[in-house]
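# Structural overview for review
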Amino acid sequence: MDARKLVKMANDIARFFEAEPDRAAAVAGVAGHLQRFWEPRMRKALLAHVEATGGADLRPLTLDAVQALRG
Amino acid sequence: MYSVKEPDHGTPARQGEATVTVTIDGHAVTVPPGTSVMRAASLAGVQVPKLCATDTLEAFGSCRLCLVEIEGRRGYPASCTTTVAPGMKVRTQTPKLAQLRRGVMELYISDHPLDCLTCTANGNCELQEQAGVVGLREVRYQGGATHTDAAKDTSNPYFVFDPAKCIVCSRCVRACEDLQGTFALTVLGRGFDSVISPGKTAFLSSECVSCGACVQACPTATLTEKSLVAHGQPDHVVKTTCAYCGVGCSFRAELKGDQVVRMVPDKDGGANHGHSCVKGRFAWGYATHADRITTPMIRRSIHDPWQVVTWDEAIAHAAAEIRRIQATYGRDAVGGITSSRCTNEETYLVQKLVRAAFGTNNVDTCARVCHSPTGYGLKQTLGESAGTQDFDSVDDADCVVVIGANPTDAHPVFASHLKQRLRQGAKLIVIDPRVIDLVRGPHVEAAYHLQLRPGTNVAVINALAHVIVTEGLAKEDFVRARCEGPAYETWKAFISDPRHAPEAMEAHTGVPAAAIRGAARLYASVPNGAIYYGLGVTEHSQGSTMVMGIANLAMVTGNLGRRGVGVNPLRGQNNVQGSCDMGSFPHELPGYRHVSDPAVRALFDAAWGVTVQPEPGLRIPNMFDAAVDGSFKALYVQGEDVAQSDPDTQHVARALESLECLIVQDLFLNETAKYAHVFLPGASFLEKDGTFTNAERRINRVRKVMEPKAGKADWEATCALAAALGYPMHYDHPSQIMDEIARLTPTFTGVSYAKLDRLGSLQWPCNDAAPDGTPTMHVDRFVRGQGRFMLTEYVPTDERTTRKFPLLLTTGRILTQYNVGAQTRRTDNVAWHAEDRLEIHPADAELRGIADGATVELESRVGKTVLRAHVTERIQPGVVYTTFHHPGSGANVVTTDNSDWATNCPEYKVTAVQVRPATQPSEWQARFHAQAAEQLGLLPRGREEA
């Protein structure tokens, strides 16, 4: 999967949840959305992008959510 | 006028308890107050002669044929305009009345051609019938002036206007005004010179929208369907449901054998109450069009000629390819797409095939690219992925907000209903970048038109909510009783922030702050405020956010849970609601239950005898990305044309070309089929049984009126494919599929064909508490318990204008065409819309040297196409607009892969573009035409015209 596109999609999700004043709830919101709506190969590709680049171009909230997914 | 006769009580029914008892010719009958004497008589079994009255129109009292005598009253009142009174005694047959009626009829017939034997209406003419009823035996008035030489108007593709046969009863004029709301017809002249006219021009060039209401209302052969002229009177009727938009109109298919003579809207239809539009009423000829492909075909490569094969060979080949690809690339390298044009039963079966026989959740539906944000947004806030009302609810609305929808074009029958309410005095707020017809029309004018810039919906909805909260207009009592308190308090603080004020948002939205404040006050202050919205809400990068913003607005004003209010998504295609209900989304099983829920999976595991996967599958855009990436290799597409309808056409084409097996099931060799390896011929809505679910959650029956042209209904083909994959499904009839749906889906509890036949239709949720359905949802509590306010920050789209791309393109639909046009382009509807055009404001056109009708190039960051310009002030400066009904126009060559953050619904409504004069087709169009020629050449001999 195209990592550039996945990064944009994940950041778009984060931009919605950034309105949430409770940071933990925002992280859980993004992570939960990725878990419930993204097909596993998409999540795997995003995780691989984080592994490879340290999370290049990801918004801080997105990166925190991905880290939460890695558990 | 109904060929195979239905009762016509002369005037419309009145609501309320039957409390008024009258006696008609000695028969007592009790009716609601306000009922006409004519209707009461009819209900008592007494037919009063009539010509200008019909029960779809309010009484007019012009023909003087329905005169009666009423005890204690002087004269001979018209029974159609006289209402009942307690104890009234009416006589409908007396020597004096007979004399009067014969006199009236004699005058009518003296100016009417006596060609009954060769007349189209012979055997079904109210004038002919009433002449017999009143006992007319002679016409003394001969040799005077008549209208019998008046010329016919045959300009409309679907009906003839023969003024020689007109009795000027005004039923057509009243139907156009009262039912349709177009006011295209009028009575010109006075006295003997009175004639019906579509505005002193031919019908085709008039304001007429060809809804057919006038034709249906005509009591003679003055307005007659050309199909009736061609085929003669039908001999039987089958009730079914229109296969076009999400209104879901009920129709009477009037037939001779299996020949459709005409489609007539059903007065008993819960969604349409006897009204129709040009598509459902007339544009059904595609079903028997010569372009239909009725034999299965296969080929190894998309550049090979198609081979005609038997169903068994095609199915066996498709199944072998699916299994080969799964063996090579893995179980999840395959998937399927269900169609909103197909029935509930068919979409249910396709998702079952994918989940149970393919063994993956890679199934999605075309709602992905239209209303998927509705499903997400309404579930998050209200708890159910559906609109809250029935269409009739609009009758109680005091203020209607139409957001990003163009009902007069895309949902015409609901638009007529809405306009009736607006003419009664309800206020209208339109939020749309374009001046849609509702903004200003005959006897309808919006109180506010918030003509926002494309992409700023959320800024506008937040500004409206900000005004309501900060000006103390919130219905705090409702919120406290019905919504989550902490979420509301958080939202209230969020929305009260000055950054959401109309004044702060004005620079983004382009909407004057005063207009936003006025609109907010109007919506919040009326007893009943209702919101209706369309794809102008959902097809944005913030589509889901906007849906949640709409729900917030309805909750904070207490506009939920009763008639006249609500959040009402106007669904694009006929079965968008149903295809979503049936578990077509990759993350949800039927009934919107997530695949990760073990209890839900266990239910389906047991019923289907398989193990349903617990992870969500790929959505349509993800399938395309995975195909380009090489991890997705086979796709079964039933009834959709993703190559035309989905955004960034060239990316879609690359994805389809990457597939090793594309199975397309369709009526025609559509754009997607040009990339297919297996073609399974589809069945039209006339060729199968099933159900569609419309925008108001109404489950309507689709009934077969002719055998499938290709020998199999679509559900049978899916079953055959499943069997070939080693997963036989045992159904003899679609009713058994519905029985299974009802067993497995709590909101469909008890739904069956027998029940639908008995009640006509059902609005889900159907359950033990509401076995006959639920017209209004969330009455005492929300489906999720308490309503949840969501934080809806405005995030501008990444699709920005620049010096290179200074204009914003937004796309939409037009009345006479439907979606990708595969159906309507194969009808005479092309008389109104033979090509897609680019609407551009005069200022933008002048700056670029573009005249109306000029050929222009439309270029975005992803592609360019060429089409003709239509210079109009309907669109605001800086914005251009086009439709996507014709594949060669390439509207989606230009649209991008930007999408809604939550659902990946494409952002069709915002694309930065440049427009410039052009002299030749684009490079894409040259390739498109070459490919079209190549693919048509690969069809079996004799099919090259498809």
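It should be emphasised that the depicted structure is a prediction, and the values quoted were computed from it without experimental measurement. (Residues numbered from 1 in each chain as written. Chains lettered and ligands numbered in written order. Predicted model: local features only at pLDDT ≥ 70, side-chain atom pairs only at ≥ 80, totals over all residues. Heavy atoms only, no water.)

Looking only at helices and strands, one finds 4 helices and 0 strands in chain A. The linear arrangement of helices and strands in chain A, starting from the amino end, is α-α-α-α. On C-alpha atoms alone, chain A measures out to a radius of gyration of 11 Å, which is about the 11 Å that the 2.2 N^0.38 rule sets for 71 residues. The principal-axis extents of the C-alpha atoms in chain A amount to approximately 30 × 20 × 20 Å. Out of the 71 residues in chain A, the part that is buried amounts to 52%. For chain A, contacts bridging at least 24 residues in sequence account for 62% of all contacts bridging at least 6. As displayed, chain A has an accessible area near 3,200 Å², and 54% of this comes from carbon and sulfur atoms. Distance between charge centres in chain A, computed from 11 positive and 9 negative side chains, equals 6 Å. (Helix = DSSP H or I, 4+ residues; strand = E, 2+ residues; numbered from the N terminus. Rg over C-alpha atoms; globule rule 2.2 N^0.38 Å. Buried < 20%, exposed > 50% of the residue type's maximum accessible area, 1.4 Å probe, protein only. Contact = heavy atoms within 4.5 Å. Areas by Shrake-Rupley, 256 points an atom, 1.4 Å probe, with all protein chains shown as cover. Lys, Arg positive; Asp, Glu negative; His and termini not counted. Charge placed at Lys NZ, Arg CZ, Asp CG, Glu CD.)

Before going further, it helps to spend a moment on the environment of Arg788 of chain B. Residues and elements named next belong to chain B. As for its placement among the helices and strands, Arg788 is situated in the loop between strand 30 (761–763) and strand 31 (807–812). In this structure Arg788 comes out as partly exposed when scored by relative accessible area, which is 24%. Along the chain, Arg788 and Phe203 lie 585 residues apart, while their C-alpha atoms are 51 Å from each other. Within polar-contact distance, the side chain of Arg788 engages the side chain of Gln380 at 2.8 Å. (Polar contact = N/O pair within 3.5 Å; in protein donor to acceptor, adjacent residues only side chain to side chain.)

So, on to the pattern of salt bridges. Using the criterion set out here, one finds 64 salt bridges over all chains in the structure. Its salt-bridge partner being Arg521 of chain B, residue Glu471 of chain B comes within 2.8 Å of it at the nearest N-O pair. On the criterion of sequence distance, the pair formed by Glu471 of chain B in the loop between helix 13 (457–470) and helix 14 (476–482) and Arg521 of chain B in helix 17 (residues 513–525) is long-range, its members being 50 residues apart. You can call Glu471 of chain B partly exposed: its relative accessible area is 30%. Through salt bridges that share partners, Lys8, Asp12 and Arg15 of chain A together with Asp798 of chain B make up one connected network. (Salt bridge = Lys/Arg side-chain N within 4 Å of Asp/Glu carboxyl O.)

Our focus in this paragraph is unusual backbone geometry. All names here are of chain B. Here the amide bond leading from Trp764 into Pro765 is cis, since omega sits at 5°, within 30 degrees of zero. Within the secondary structure, Pro765 is located in the loop between strand 30 and strand 31. Although it is not a glycine, Arg64 sits at a positive phi angle of roughly 65°. In this structure, Arg64 sits in the loop between helix 1 (37–43) and strand 3 (69–70). For Arg64, a relative accessible area of 38% puts it in the partly exposed group. Phi is positive for Arg697, close to 65°, though the residue is something other than glycine. In this structure, Arg697 sits in the loop between strand 28 (690–693) and strand 29 (698–702).

Before going further, it helps to spend a moment on the packing of aromatic side chains. Residue and element names in this part refer to chain B. Throughout the structure, instances matching the rule amount to 23 aromatic pairs over all chains. Judged by centre distance (5.6 Å) and plane angle (85°), the rings of Tyr376 and Trp901 are edge-to-face. Of this pair, Tyr376 sits in helix 10 (residues 372–381) while Trp901 sits in the loop between helix 29 (891–894) and strand 36 (911–917); the two residues are 525 residues apart in sequence, bridging distant segments of the chain. Accessibility expressed as a relative area gives 9% for Tyr376, which makes it buried. Overall, the relative accessible area of 5% leaves Trp901 in the buried class. Plain terms: the ring middles of Phe604 and Trp608 are 4.9 Å apart, the flat faces sit at 65° to each other, and that makes the pair edge-to-face. In this pair, Phe604 and Trp608 are both assigned in helix 21 (residues 598–608), 4 residues apart and thus about one turn of the helix distant. Residue classification places Trp608 among the buried residues on the basis of a relative accessible area of 4%. Grouping aromatic residues by their ring pairs yields a cluster made of Tyr158, Phe159, Phe161, Phe203, Phe282 and Trp832. (Phe/Tyr/Trp six-rings, centres within 6.5 Å; stacked < 30°, edge-to-face > 60°.)

Residues and elements named next belong to chain B. Checked against the element boundaries, Thr896 lands in the loop between helix 29 and strand 36. Under the relative-accessibility criterion, Thr896 is labelled buried at 4%. Separated by 3.2 Å, the side chain of Thr896 and the backbone nitrogen of Asn898 make a polar contact. Setting aside anything within four residues of it in sequence, one finds Thr896 in contact with Pro647, Asp648, Glu799, Val862 and Thr911.

Listed by partner, the interface residues are 22 residues for chain A and 34 residues for chain B. Of the roughly 2,400 Å² buried between chain A and chain B on both sides combined, carbon and sulfur atoms contribute 56%. Of all residues in chain A, Phe16, Phe37 and Arg41 of chain A bury the most surface against chain B, accounting for 28% of the area lost on that side. At the junction of chain A with chain B, the criterion picks out 5 salt bridges. The salt bridge partner of Asp897 of chain B is Lys5 of chain A, with a shortest N-O separation of 3.0 Å. Scanning the region where chain A abuts chain B turns up 10 residue pairs in polar contact (both at pLDDT 80 or more). (Buried area = accessible area lost by both parts, 1.4 Å probe.)

Moving on, we get to the confidence of the model for chain B. Detailed reading of predicted coordinates is not advised where the pLDDT is low. Counting all residues, the mean pLDDT for chain B is 97, and 99% of those residues have values of 70 or more. Across the interfaces of the predicted complex, the ipTM metric reaches 0.98, alongside a pTM of 0.97. (pLDDT = per-residue confidence, 0-100.)

Once that is clear, we can look at the sheet that holds strand 3 of chain B. All names here are of chain B. Pairing is mixed in the open sheet, where 4 strands are placed in the order 2-1-4-3. The sheet terminates laterally at strand 2 (27–31) and strand 3, the two strands that pair on one side only. Pairing of strand 1 (residues 20–24) with strand 2 involves 5 bridges; the strand directions are antiparallel. Bridge assignment links Ile24 to a residue of strand 2, and that residue is His27. (Pairing = 2+ DSSP bridges.)

All names here are of chain B. Ranked by internal contacts, the top residues of the largest apolar core, which has 72 residues, are Leu223 and Leu428. Counting residues per element, this core draws most heavily on helix 12 (residues 412–423), at 4 residues. In contact with Leu223, not counting residues within four places along its chain, are Phe159, Val160, Phe161, Cys172, Phe203, Cys214, Val215 and Cys218. Counting residues in hydrophobic clusters, the runner-up holds 65 residues, among them Leu535, Leu680, Ala722 and Leu744. (Core = buried A, V, L, I, M, F, W, Y, C linked by side-chain atoms within 4.5 Å.)

The end-to-end C-alpha separation of helix 8 (residues 311–329) of chain B is 27 Å, in line with the 27 Å expected for 19 residues at 1.5 Å each. Gly330 of chain B occupies a position one or two residues after helix 8 of chain B and carries a positive phi of about 110°. (Expected span 1.5 Å × (residues − 1).)

Residue and element names in this part refer to chain B. Tallying each qualifying case throughout the model produces 12 cavities of 30 Å³ or more. There is about 430 Å³ of room inside the largest cavity. Along the walls of the largest cavity sit 36 residues, with Gly404, Ala405, Asn406, Gly536 and Lys909 positioned nearest its centre. Counting residues per element, the ones that place at least two in the lining of the largest cavity are helix 11 (407–410), helix 18 (535–538) and strand 31. (1 Å grid on protein atoms, 1.4 Å probe; cavity = no way out; pocket = protein on both sides within 12 Å on 5 of 7 lines; lining within 4 Å. Points joined across faces, edges and corners; volume = space filled by probe spheres on them.)

We now examine the packing of helix 3 (residues 40–53) of chain A against helix 4 (residues 60–70) of chain A. Residues and elements named next belong to chain A. One can describe the packing of helix 3 onto helix 4 by two numbers: an axis separation of 11 Å at closest approach and a directional angle of 110°. Regarding the angle of helix 3 to helix 4, the classification is roughly perpendicular. The handedness of the crossing between helix 3 and helix 4 comes out as left-handed. Each of Arg43, Leu46, Leu47, Val50 and Glu51 in helix 3 lies in contact with helix 4, whose residues at this interface are Leu63, Val66, Gln67, Leu69 and Arg70. Class assignment of the residues belonging to the contact of helix 3 with helix 4 gives a composition of 6 nonpolar, 1 polar and 3 charged. (Axes fitted to C-alpha atoms, helices over the stretch in contact; angles between N-to-C directions. Parallel < 35°, antiparallel > 145°, perpendicular 65-115°, else oblique. Left-handed = near helix turned anticlockwise from the far one by under 90°. Nonpolar A, V, L, I, M, F, W, Y, C, P; charged D, E, K, R; others polar.)

This brings us to the state of the cysteines. Residue and element names in this part refer to chain B. Counted under the stated rule, the structure contains 0 disulfides over all chains. As a non-bridged cysteine, Cys119 has Cys125 as the owner of its nearest cysteine sulfur, 6.0 Å distant. Cysteine Cys176 is unpaired, with the sulfur of Cys211 as its nearest cysteine sulfur at 6.4 Å. For Cys176, a relative accessible area of 9% translates into the label buried. (Disulfide = S-S within 2.5 Å.)

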